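Take a look at the letters that make up each chain.
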Amino acid sequence: MRCVVANWKMNLNSDEARAFCEDLLGRFTPKSGTEVGIAPPYTLLRLVSDLVRPKGLKVFGQNGHAEAKGAFTGEISMPQLLDAGCSGVILGHSERRQFFGETDAALAKKIKAAWQWNLLPLLCIGETLAQRDAGQTLEVLRQQLFILSETGPGPLWVAYEPVWAIGTGRRAEAAQVREAHAFIRSELNRHLAGTDHQVPILYGGSVTPESFPELLGIPEVAGGLVGGASLDPRKFAELVKQAY
Ligand code: PGA
């Protein structure tokens, strides 16, 4: 299975989102075997889900709280994401880890909450440049995946996103992606041994239509989590077609 997910981050208003979806849907015919998702800001979830879910696309929240409701000003819960039309939720994006203090302990709770509400968690992991330079990449990935020993197995997508490649135009090299994805697969096999969960591993970090075909040729790269290039429907449709 291939997966291509647009992470809009804190971009677009409702007019722009509607125009994007109408333009995008005119550019490709959804095909079985390739899952396409969009992760809009919360205010656009209902609009986007009404437009794209009838065509078979998935809609993801960009974050979700572990509690179902309560006094958590500024947060959004898993049942609220579900109610707004989401089928999944991005968890542990490096921008949330870096700017909003997201911890592995909190992420374990969020994954369990997502499962409780039948949302598919898309867990993001990846090393910073300092960690890579210090030779700690695989250890960081191992630690970030260790939360699966607490959550137990369940439906999951994972995105490998080296922090230094996000929004920088500096994509990881093929050998780096190959090594990281092979390692993530071996860790997933360990955590999910004895279950039949198939976990696709997406690559994220400056993915463009120029770089995506090479990335898709790397073993264990099932697709992409795309930021910048996902704000242009022409480019995003191109990425989807490359994944076919
Ligand atoms: P980018 O973002 O494609 O702009 O590097 C990817 C992401 O943050 O998921």
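Scroll up for the structure.
The present account deals with the structure reproduced in this document. (Residues numbered from 1 in each chain as written. Predicted model: local features only at pLDDT ≥ 70, side-chain atom pairs only at ≥ 80, totals over all residues. Heavy atoms only, no water.)

## Comments concerning the overall build of the protein chain
Here's step 1: A count of helical and extended segments in the protein chain gives 11 helices and 8 strands.
Here's step 2: Computed over its C-alpha atoms, the radius of gyration of the protein chain comes to 17 Å, within 12% of the 18 Å expected for a compact globule of 244 residues.
Here's step 3: In terms of overall dimensions, the protein chain has a C-alpha envelope of 45 × 45 × 35 Å along the principal axes.
Here's step 4: Burial analysis of the protein chain (244 residues in total) assigns 54% to the buried set.
Here's step 5: If you sum the accessible surface of the protein chain, you get close to 10800 Å²; carbon and sulfur atoms cover 50% of it.
Here's step 6: Computed over 25 positive and 26 negative side-chain charges, the inter-centroid distance for the protein chain is 3 Å. (Helix = DSSP H or I, 4+ residues; strand = E, 2+ residues; numbered from the N terminus. Rg over C-alpha atoms; globule rule 2.2 N^0.38 Å. Buried < 20%, exposed > 50% of the residue type's maximum accessible area, 1.4 Å probe, protein only. Areas by Shrake-Rupley, 256 points an atom, 1.4 Å probe, with all protein chains shown as cover. Lys, Arg positive; Asp, Glu negative; His and termini not counted. Charge placed at Lys NZ, Arg CZ, Asp CG, Glu CD.)

## Regarding the site of the ligand
Here's step 1: Among the 13 residues in the neighbourhood of the ligand, the closest are listed as K9, H93, E161, G167 and S206.
Here's step 2: Contacts to the ligand include E161, whose side-chain N or O atom sits 2.7 Å from an oxygen atom.
Here's step 3: Taken by itself the ligand offers 280 Å² of open surface, and the protein chains cover 95% of this.
Here's step 4: Here the residues of the shell around the ligand are counted per class, giving 4 nonpolar, 7 polar and 2 charged. (Near = heavy atom within 4 Å. Polar contact = N/O pair within 3.5 Å; in protein donor to acceptor, adjacent residues only side chain to side chain. Nonpolar A, V, L, I, M, F, W, Y, C, P; charged D, E, K, R; others polar.)

## Remarks on helix α9 (residues 174-191)
Here's step 1: With 18 residues, α9 should cover 26 Å at 1.5 Å per step; its first-to-last C-alpha distance of 26 Å lies within 8% of that length.
Here's step 2: Taken as a whole, α9 has its buried residues at A174, Q176, V177, A180, H181, F183, I184, R185, E187, L188 and H191. (Expected span 1.5 Å × (residues − 1).)

## Considering the environment of V36
Here's step 1: You can see V36 is positioned in strand β2 (residues 34-39).
Here's step 2: Discounting residues that sit within four places of it in the chain, V36 has contacts with V4, F28, L57, K58, F236 and V240. (Contact = heavy atoms within 4.5 Å.)

## Some remarks on the sheet that holds strand β7 (residues 201-204)
Here's step 1: Strands sit in the order β1-β2-β3-β4-β5-β6-β7-β8 around a closed barrel of 8 strands; the barrel is parallel. On average, adjacent strands in this sheet sit at an angle of 25° to one another, irrespective of strand direction.
Here's step 2: Here β2 runs beside strand β3 (residues 58-61); their pairing, made up of 2 bridges, is parallel. By the bridge assignment, G37 is partnered in β3 with K58. (Pairing = 2+ DSSP bridges. Axes fitted to C-alpha atoms, helices over the stretch in contact; angles between N-to-C directions.)

Note that every value here comes from positions in space, so none of it alone points to a role or purpose.
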